[in-house]
2 protein chains.
Amino acid sequence: MKQRLLTPGPTPVPEETLLELAKPMIFHRTAEFRAMLGEVLGDLRTIFCTKNLIVPLTASGTGALEAALANSVPAGAKVICLIAGRFGERWRNIAKAFGIEAVSVTVPYGQAVQPEQLAKALADHADAAAVCSTLSETSTGVGHDVAAFGKLIAKTPALHIVDSISGLGAMECRTDEWQIDINCTGSQKALMMPPGLAFLSVSDKAWQAIDKNANPRTFYFDLKKARKNLETNDTPFTPAHTLIRAMRVSVKKILAEGIENIWARQRRFSEAARAGFAAMGLESFAAQPNVALTVVKMPANIDSSVLLGKLEKQYGLKLANGQDNLKGKIIRLAHMGHIDQFDILSALAGVELVLIEMGHAIEPGVGVTAAQRVFANK
Amino acid sequence: MKQRLLTPGPTPVPEETLLELAKPMIFHRTAEFRAMLGEVLGDLRTIFCTKNLIVPLTASGTGALEAALANSVPAGAKVICLIAGRFGERWRNIAKAFGIEAVSVTVPYGQAVQPEQLAKALADHADAAAVCSTLSETSTGVGHDVAAFGKLIAKTPALHIVDSISGLGAMECRTDEWQIDINCTGSQKALMMPPGLAFLSVSDKAWQAIDKNANPRTFYFDLKKARKNLETNDTPFTPAHTLIRAMRVSVKKILAEGIENIWARQRRFSEAARAGFAAMGLESFAAQPNVALTVVKMPANIDSSVLLGKLEKQYGLKLANGQDNLKGKIIRLAHMGHIDQFDILSALAGVELVLIEMGHAIEPGVGVTAAQRVFANK
């Protein structure tokens with residue numbers, strides 16, 4: 001059966017990129033590899049919309065989050081964590097592991113933290129060393145107004161640190177214009193790569209904090225050492241260099257389409273997916289949806305674990321379940337990276353067929369028709 | 001021109017493994033992937049010669065070294081670092097980054113730390129929480145008598161922590177019999193994989209120290225969290241799962257040959273390479289050579305940077321230079337992983353040709369003949 005992967009990471013990788021991964025091994029301490037790394041990091045700067053240095057790490061995205069906090073915030077300092085789901089909570093957990101005091105600004109799952117809440121937290125905690133947020137909260141499908149956060153944070157001494165792991169490359173994200181000091185992402189989402197690489201952009205304001213922090217409490221993720229090595233497009237430790245080589249192909253595809261065009265396409269995808277689900281009677285779980293994935297609630301009598309099992313087994317469609325307490329209650333359809341409008345139609349069509357099979361009273365075609373109307377109106 | 005990669009990491013990856021890397025993306029939170037990870041970790045146990053839990057990390061080998069020290073040794077405690085080169089020094093640098101006092105037992109580059117030196121250090125520092133050594137010191141080609149270290153350390157409360165990154169899978173290494181408490185390795189050496197994965201085996205003695213350490217000073221490399229996830233063959237963060245999938249193929253090749261057979265083959269390769277170089281008048285740099293790579297000094301009038309440049313440009317043979325102060329003075333020929341006797345002959349033949357071109361007075365064929373004699377006598 002033909003398989004379609006529509007999970008919020010890993011996402012499908014273009015065939016041209018996969019073939020790069022099958023090429024013979026090369027040595028990494030060479031002018032050729034340094035040129036390759038320099039090229040990928042340069043292209044990523046365009047995708048990040050930044051002039052800042054981008055540091056590559058051989059790690060999951062969480063490695064970049066750890067690198068950001070451990071290097072820039074000393075133990076005993078305070079950070080404000082904006083928490084709208086599992087990945088917001090991760091910021092708090094990382095802070096705790098590094099002896100950093102975390103002030104949590106929390107909203108229920110499905111809601112987004114509002115700029116006014118951040119303004120109040122900044123007023124209450126003028127000594128905060130950083131604010132940590134998530135661009136796209138993958139666990140709920142919520143997108144945050146990081147631009148608004150940036151305006152508020154820039155007036156304070158705090159650093160603006162963003163987890164954009166599942167958003168960057170799909171959802172609008174203007175690192176410099178939005179005054180993001182450390183922007184962290186991973187390879188396996190909208191960047192159309194397998195997992196294994198993480199990247200973070202670091203502003204001058206952030207470098208000043210990093211340079212002042214005498215005890216980074218990390219060796220592997222030491223950003224000062226990485227910066228020194230990047231002067232010659234080198235890395236302190238053996239990088240996952242075959243992933244870097246393959247990534248050249250994926251980022252070139254992004255540049256060829258144009259990052260602003262991709263953002264617009266993603267908005268259309270998101271609108272179409274929501275329209276399709278709404279026509280089937282499935283309501284958005286995210287009050288403020290992000291455009292990288294669409295998360296919807298199940299009708300009262302339908303368990304999403306059963307629906308997703310049938311989708312996969314009968315139709316080769318792999319969507320994601322909710323995590324922890326949300327398991328069985330929502331489905332998450334990712335439409336970032338190497339996904340087009342017909343993949344979305346396929347997913348909607350599959351959900352329709354399974355819902356009908358499970359006794360949900362809808363007419364065949366209502367979901368796909370609603371989505372088609374959005375695509376036709378672009 | 002046909003290329004031959006003979007560097008001490010990355011090493012050549014078998015074609016069957018490379019083709020696995022080109023397969024379509026899969027989701028990682030599935031029974032299929034958990035079974036795959038469980039299988040790879042089980043096979044690695046055979047290669048490590050251990051019954052201990054093996055923890056996979058998405059990182060360079062250095063990530064495993066950091067995980068080992070940060071989790072098992074609290075800040076302010078003392079470790080003994082056995083230093084015979086650049087990678088021994090890395091242990092000291094990691095200790096420093098984590099506020100651990102490092103007692104260095106140092107020998108000049110090219111020499112090996114002797115068990116008597118460790119015995120004295122253990123007597124002088126009965127309060128040492130751990131001893132950190134390297135099985136194969138890649139920067140000099142030295143191999144350490146880790147079995148002897150293990151006997152001494154096991155009598156003390158100290159943990160026996162080994163960097164076996166460039167040795168494991170080539171050089172004899174019996175984790176349990178040699179009482180290695182934490183054995184750290186990387187994917188891109190004798191395990192015939194691209195870089196991006198690291199693994200460490202953890203003994204009961206080590207878990208006790210880890211469980212007692214209230215402040216692991218790491219989130220990404222938290223071994224307690226990893227252990228909990230491994231109960232269901234899962235990982236705390238998105239792993240580089242396409243590397244795990246491909247690794248299945250490489251480790252099965254190792255099991256098919258048999259780890260003890262590989263050790264014997266590697267001893268033969270090492271003997272042949274040294275015999276070949278000796279016949280060309282190139283002396284071993286390592287006083288106590290390890291069998292994963294052969295490192296030799298240059299004749300007085302020959303700069304290894306020039307020789308290696310010609311080898312690569314004229315013959316497609318990629319060997320490694322010395323690092324730092326040793327640059328230009330030695331060459332490093334790796335013969336671990338997916339390398340056979342004819343690759344070694346090719347390397348020796350290339351070195352002969354370039355030496356002759358550079359005015360070194362040897363007869364064509366002396367090196368390859370000396371190596372052939374070793375292969376014929378097996």
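Residues numbered from 1 in each chain as written. Chains lettered and ligands numbered in written order. Predicted model: local features only at pLDDT ≥ 70, side-chain atom pairs only at ≥ 80, totals over all residues.

Further remarks concern the domain arrangement of chain A. Residue and element names in this part refer to chain A. Here chain A is described as being made up of domain 1 (15-257) and domain 2 (259-376). Each of domain 1 and domain 2 has a C-alpha centre, and these two points are 28 Å apart. Facing the 24 residues of domain 1 at the interface are 22 residues of domain 2. Listed by contribution, the elements that provide at least two residues to the side of domain 1 that touches domain 2 are helix H2 (31-48), strand E7 (142-143) and helix H9 (241-257). A breakdown of the residues in the side of domain 1 that touches domain 2 according to their chemical character gives nine nonpolar, 11 polar and four charged. (Domains from an automatic or database assignment. Contact = placed C-beta atoms within 7 Å. Helix = DSSP H or I, 4+ residues; strand = E, 2+ residues; numbered from the N terminus. Nonpolar A, V, L, I, M, F, W, Y, C, P; charged D, E, K, R; others polar.)

Residue and element names in this part refer to chain B. Among the secondary structure elements, Pro8 is positioned in the loop between strand E1 (4-5) and helix H1 (15-21). For Pro8 and Ala97, which are 89 residues apart along the polypeptide, the C-alpha to C-alpha distance reads 26 Å. Pro8 has contacts with Thr138, Ser166, Leu293, Ala320, Arg332 and Ala334, leaving out every residue within four places of it along the chain.

Moving on, we get to the nonpolar core. Counting residues in each nonpolar core, the largest one holds 254 residues, and the members touching the most others are Val79 and Val131 of chain A together with Val79 and Val131 of chain B. Contacts of Val131 of chain B, omitting those with residues within four sequence positions, involve Val79, Ile80, Leu82, Leu118, Phe149, Ile153, Ala158, His160 and Ile161 of chain B. (Core = buried A, V, L, I, M, F, W, Y, C linked by C-beta atoms within 7 Å. Buried ≥ 20, exposed ≤ 12 C-beta atoms within 10 Å, placed from the backbone.)

What follows concerns the sheet that holds strand E8 (residues 159-163) of chain A. Residue and element names in this part refer to chain A. Ordered by their spatial adjacency, seven strands build an open sheet running E2-E10-E9-E8-E5-E3-E4, and the pairing between neighbours is mixed. Two strands in the sheet have a free side with no partner beyond their single neighbour: strand E2 (53-58) and strand E4 (101-106). Taking the axes of each pair of neighbouring strands and ignoring which way they run, one obtains an average angle of 20° across the sheet. For strand E5 (residues 130-134) and E8, the ladder comprises five bridges, and the chain directions are parallel. Bridge pairing in E8 places Thr134 opposite Asp163. Helix-sheet contacts for helix H8 (residues 223-230) involve E2 and strand E10 (197-202), and the interaxial angle to E2 is about 110°. (Pairing = 2+ DSSP bridges. Axes fitted to C-alpha atoms, helices over the stretch in contact; angles between N-to-C directions.)

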